[in-house]
Amino acid sequence: MNGPLKKIMVYIDGTEQSITAAQYAICLSRTTNAQLTAIYVVNTRALRDLVKSRIFLEAEQAEYQQDLEADADRYLNHIRQMARQKGVAIETLKSSGTVHTEIKNKINELEIDLLILGELSTIRSRRDEFYNESERAMRSASCSVLIVKDEDRVWEMYESLT
Amino acid sequence: MALIDLITEEAVKVPLISQTKPEIIKELIRLLHETGHIEQFEAAYDAVLTREAQGSTGLENGIAVPHAKTNAVKSLTIAIGISPAGVDFEALDGNPSHLFFLMLAPPDQPGPHIEALAEIARLTRSKAFCNMVTAAISTREVVEIFREE
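Residues numbered from 1 in each chain as written. Chains lettered and ligands numbered in written order. Predicted model: local features only at pLDDT ≥ 70, side-chain atom pairs only at ≥ 80, totals over all residues.

## Side note on the overall build of chain B
When you go through chain B residue by residue, the secondary structure sums to six helices and five strands. Along the chain direction, N to C, the helices and strands of chain B fall in the order α-β-α-α-β-β-β-β-α-α-α. A compact globule built from 149 residues should have a C-alpha radius of gyration of about 15 Å, and chain B, at 14 Å, falls within 12% of that. With respect to the principal axes defined by its C-alpha atoms, chain B has extents near 35 × 35 × 25 Å. Taking all 149 residues of chain B together, 50% fall into the buried category. In chain B, the share of contacts with a sequence separation of at least 24, taken over all contacts with a separation of at least 6, comes to 69%. (Helix = DSSP H or I, 4+ residues; strand = E, 2+ residues; numbered from the N terminus. Rg over C-alpha atoms; globule rule 2.2 N^0.38 Å. Buried ≥ 20, exposed ≤ 12 C-beta atoms within 10 Å, placed from the backbone. Contact = placed C-beta atoms within 7 Å.)

## Some thoughts on the sheet that holds strand E3 (residues 90–96) of chain A
All names here are of chain A. Ordered by their spatial adjacency, five strands build an open sheet running E3-E2-E1-E4-E5, and the pairing between neighbours is parallel. The open sheet has two edge strands with one neighbour each: E3 and strand E5 (144–147). With direction set aside, neighbouring strand axes in the sheet form an average angle of 25°. With four bridges joining them, strand E4 (residues 114–117) and E5 adopt parallel strand pairing. (Pairing = 2+ DSSP bridges. Axes fitted to C-alpha atoms, helices over the stretch in contact; angles between N-to-C directions.)

## Examining the environment of Glu 133 of chain A
Structurally, Glu 133 of chain A is set in helix H5 (residues 133–140). Apart from residues no more than four positions distant in its own chain, Glu 133 of chain A is found in contact with Asp 13, Val 99 and His 100 of chain A together with Glu 115 of chain B.

## Here's the deal with the confidence of the model for chain B
Mean pLDDT for chain B: 92, with 98% of residues reaching 70 or above. Our summary of model confidence lists the complex with pTM equal to 0.87 and ipTM equal to 0.89. (pLDDT = per-residue confidence, 0-100.)

## Remarks on the interface of chain A and chain B
Chain A puts 26 residues into the contact, and the matching count from chain B is 25 residues. Of all the elements in the fold, those that place two or more residues in the side of chain A that touches chain B are helix H2 (44–52) and helix H3 (58–85) of chain A.

## With respect to the nonpolar core
Core analysis: the largest hydrophobic core is formed by 95 residues, its most contacted members being Ile 8, Val 10, Ile 12, Ala 25, Leu 115 and Ile 116 of chain A together with Ile 78 of chain B. When neighbours within four sequence positions are excluded, Leu 115 of chain A is seen to be in contact with Met 9, Tyr 11, Ile 103, Ile 107, Ala 137, Ala 141, Cys 143 and Val 145 of chain A. (Core = buried A, V, L, I, M, F, W, Y, C linked by C-beta atoms within 7 Å.)

## Comments concerning the packing of helix H1 (residues 16–32) of chain A against helix H6 (residues 151–160) of chain A
All names here are of chain A. The geometry of H1 relative to H6 is characterised by a closest axis approach of 9 Å and an angle of 40° between their N-to-C directions. Judged by the angle between their axes, H1 and H6 are oblique. The two elements H1 and H6 cross, and the hand of that crossing is left-handed. Contacts between H1 and H6 involve Thr 20, Gln 23, Tyr 24, Ile 26 and Cys 27 on the former and, on the latter, Glu 151, Val 154, Trp 155, Met 157 and Tyr 158. Among the residues making up the contact of H1 with H6, the classes are represented as seven nonpolar, two polar and one charged. (Parallel < 35°, antiparallel > 145°, perpendicular 65-115°, else oblique. Left-handed = near helix turned anticlockwise from the far one by under 90°. Nonpolar A, V, L, I, M, F, W, Y, C, P; charged D, E, K, R; others polar.)

## Here we look at the packing of H2 of chain A against H3 of chain A
All names here are of chain A. Put simply, H2 and H3 touch, their axes get as near as 9 Å, and they point 165° apart. With respect to each other, H2 and H3 are oriented roughly antiparallel. As H2 runs across H3, the sense of the crossing is right-handed. In this structure, H2 contributes Thr 44, Leu 47 and Val 51 to the contact, and H3 contributes Glu 58, Gln 61, Tyr 64 and Gln 65. When the residues that make up the contact of H2 with H3 are grouped by side-chain class, the tally is three nonpolar, three polar and one charged.

## Quick word on the pairing of strand E1 (residues 7–11) of chain A
Looking along a regular strand, one sees side chains alternate from face to face of the sheet. Residue and element names in this part refer to chain A. Buried residues dominate E1, accounting for four of its five residues. Across five bridges, the pairing between E1 and strand E2 (residues 35–42) is parallel. Following the sheet pairing, Val 10 is matched in E2 by Ala 38. In this view, the connection linking E1 to its parallel neighbour E2 by way of H1 has right-handed handedness. Bridge count between E1 and E4: three bridges; the pairing is parallel. Across the sheet, residue Ile 8 finds its bridge partner in E4, namely Leu 114. (Right-handed = clockwise from strand over helix to strand, strands pointing away.)

## Regarding the environment of Arg 54 of chain A
Structurally, the position occupied by Arg 54 of chain A is in the loop between H2 and H3. Residue Arg 54 of chain A is classed as partly exposed on the basis of its C-beta count, with 17 C-beta atoms lying within 10 Å. Beyond its immediate stretch of four places on either side in the chain, Arg 54 of chain A contacts Leu 59 and Leu 92 of chain B.

What follows is the structure, encoded as structure tokens:
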């Protein structure tokens, strides 16, 4: 490894924005030789909260947890393929719990230098209930955080890697 | 896309005019259908009714959160409706429901779906917030309350 960046982690949540973030992370890993990790957190905290608030039935909790597990496998597999296509080694992690807490813990455990996230909402509400998990991860991370924007430009960057 | 991005005036209806649970659900789905958010009205309606048959999404304090997974939408979709008169939504506390969050998501997008529902759960914990929204008299006012920019 050379350069200041040794370890990068990208958070994947099944959104288009997180796929764009992964493309950027792959580009950055290629150019800096930083180790790359992709993490998907199965949001079991939200599932428990939804049952507690009676919005979900317990049967729904089980069903959606299965859906999230399958989503995690599908997206992490997709990210692995994207990285492989560009000759970039990547470690993928599937975790579960409270999303931003899991991300923060993994950052500390793996001594991550840079967390990469997909684009956040452009609407800035003062209501903190609208801080979604990406925003909470950004605020609680102990390392630097990069927010990836401009999907088209990132796609061009990724495609141009040979 | 975050929940806040989905709360636009065209996804809000004030006041809702229906007086029964199935009609309220239909009215909210019709709103989304007419604004191009839903392609298949009947599929969306059936999905929500099927979920309601498993257990009512009428909560306490006049709030209801009908929701379903359905291929009738291509992405996470929400409609917010307010019924000043209140509707019997078979709520947990037996009281009429006034504030409705209808949420639909494709089956292959569980992450954003769950996160958005969790955000609604957090929001609706605040009685003051819910009262403010329920008292709103226009779609613009509802959106402004949510955004509180």
